Amino acid sequence: MLEINLINVNFVLLFGTMSFYWLKSSSFLSNQLTFLPHLGSQLSVFVQILFLCLRWYSSGHFPLSNLYESLVFLSCSLTALLIYLTETQKNPFLLPPLL
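Quick notes on the rules
- Every chain begins its residue count from 1, and numbering advances along the sequence as written.
- Per-residue local features of the predicted model are confined to residues with pLDDT of at least 70, and side-chain atom pairs are confined, for both listing and counting, to 80 or more; whole-chain, interface and lining totals are unaffected and use all residues.
- In computing side-chain properties, one takes all heavy atoms of the structure into account and sets aside hydrogens as well as water.
- By convention in these notes, a salt bridge is any Lys or Arg side-chain nitrogen within 4 Å of a carboxyl oxygen on Asp or Glu.
- Counting from the N terminus, the helices are DSSP H or I runs at least four residues long and the strands are E runs at least two residues long.
- For each residue, the accessible area found with a 1.4 Å probe, counting protein chains only, is set against the maximum for its type, and the residue is called buried under 20%, exposed over 50%, and partly exposed in between.
- A pair of Phe, Tyr and Trp rings is counted when the ring centres sit within 6.5 Å of each other, with Trp represented by its six-membered ring. The angle between the planes then sorts it: under 30 degrees is stacked, over 60 is edge-to-face, the rest tilted.
- The angle between two axes is taken between their N-to-C directions and runs from 0 to 180 degrees, where each axis is a line fitted to C-alpha atoms and a helix contributes only its stretch in contact.
- Crossing chirality is assigned from the near helix's rotation relative to the far helix, an anticlockwise turn below a right angle marking it left-handed and a clockwise turn marking it right-handed.
- In what follows, a contact means two residues having at least one pair of non-hydrogen atoms within 4.5 Å.
- Basically, the charged four are Asp, Glu, Lys and Arg, the nonpolar ten are Ala, Val, Leu, Ile, Met, Phe, Trp, Tyr, Cys and Pro, and anything else, Gly included, counts as polar.

Caption draft 1: The arrangement of the pattern of salt bridges in detail. Applying the stated rule across the entire model yields two salt bridges. The salt bridge partner of Arg-55 is Glu-3, with a shortest N-O separation of 3.4 Å. Of this pair, Arg-55 sits in helix α2 (residues 36-59) while Glu-3 is found in helix α1 (residues 2-25), placing the two residues 52 residues apart along the sequence. Of the two residues examined, Arg-55 and Glu-3, each falls in the buried class. Note that Glu-69 is salt-bridged to Arg-55, the shortest N-O span being 2.6 Å.

Caption draft 2: Just the packing of aromatic side chains, in detail. Inspection of every chain in the model, using the stated rule, returns four aromatic pairs. With 4.9 Å between their ring centres and 90° between their planes, Trp-56 and Phe-62 make a pair best called edge-to-face. A relative accessible area of 43% places Trp-56 in the partly exposed class. In this structure Phe-62 comes out as partly exposed when scored by relative accessible area, which is 35%. Taken together, the ring pairs in this structure connect Trp-56, Phe-62 and Phe-73 into an aromatic cluster.

Caption draft 3: Highlighting the packing of α2 against helix α3 (residues 67-89). Axis separation between α2 and α3 bottoms out at 9 Å; the angle between their running directions is 145°. Remark: the crossing between α2 and α3 carries left-handed chirality. Residue-level contacts link His-38, Ser-41, Gln-42, Val-45, Gln-48, Ile-49, Phe-51, Leu-52 and Arg-55 of α2 to Tyr-68, Glu-69, Val-72, Phe-73, Ser-75, Cys-76, Thr-79, Ala-80, Ile-83, Thr-86 and Glu-87 of α3. Taken together, the residues of the contact of α2 with α3 break down into 10 nonpolar, seven polar and three charged.

Next up, the structure:
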């Protein structure tokens, strides 16, 4: 039951993060709230890692045994890579940098 709740929270978190990115790119988001999209991405990676660890603990093997678990792992890996590249490269084409 905890795993299901984590994935549902992650979905809502990612949907909100996407909305904040849209608002930020269209300049409707105030300057005080520009940190929210980046924070949402980081929280999402944390929730996905927590979900994968719980699946690993409950199943006894690394959670890549079906397509669903593989896609969650891929999503977590790519989001973490995007956050890492944003922090190290400061490339404006990846994510808007924090002000």
